[in-house]
Amino acid sequence: MTAPHRTLLAVEYDSPERARIVEQSVRPEIGAIDGDRTTATLARDAETVEVRVAADDLVALRAGINTWLTLLSVAEESDRAATEQF
């Protein structure tokens, strides 16, 4: 797909370990949730996780961005809940 619309979501975490946990949590979704109009790639460099979303049109780009922001947020909250001490 030659997608004319693209965005980069770059999220910086407080440690490379936390970034690794988030990256590994969302990595299974790469390719699994791509549609006919949207694709995504995932990369991590130290404490930064990057998701590149590409789409055929702006509506699909918005949907892709919302999906990946939600996936990152769920991974962050899951990690936070797992590491909290009760």
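Look above for the structure.
From a predicted model like this one, the values you see are computed outputs, not experimental measurements.

The biggest cluster of nonpolar side chains holds 17 residues, and the ones touching the most others in it are Tyr 13, Val 26, Val 49, Val 51, Trp 68 and Leu 72. Of all the secondary-structure elements, those providing two or more residues to this core are helix H1 (16-26), strand E2 (38-45), strand E3 (48-55) and helix H2 (58-83). Here this core gets six residues from one element, more than from any other, and that element is H2. Those residues in contact with Val 49 that sit more than four places away from it in its chain are Leu 9, Ala 10, Val 11, Tyr 13, Ala 19, Glu 23, Leu 42, Ala 43, Arg 44 and Leu 72.

Attention now goes to the pairing of E3. Most of E3 sits inside the fold, with six of its eight residues counted as buried. With eight bridges joining them, strand E1 (residues 5-12) and E3 adopt antiparallel strand pairing. Bridging from a neighbouring strand, Leu 8 pairs with Arg 52 of E3. The pairing of E2 with E3 spans eight bridges and is antiparallel. The residue of E3 that forms the bridge with Thr 38 is Ala 55. Taken together, E2 and the strand that follows it, E3, pair antiparallel across an intervening segment of two residues, in which Ala 46 is found at a positive phi of about 55°.

The rules behind the values
- Residues numbered from 1 in each chain as written.
- Predicted model: local features only at pLDDT ≥ 70, side-chain atom pairs only at ≥ 80, totals over all residues.
- Heavy atoms only, no water.
- Core = buried A, V, L, I, M, F, W, Y, C linked by side-chain atoms within 4.5 Å.
- Buried < 20%, exposed > 50% of the residue type's maximum accessible area, 1.4 Å probe, protein only.
- Helix = DSSP H or I, 4+ residues; strand = E, 2+ residues; numbered from the N terminus.
- Contact = heavy atoms within 4.5 Å.
- Pairing = 2+ DSSP bridges.

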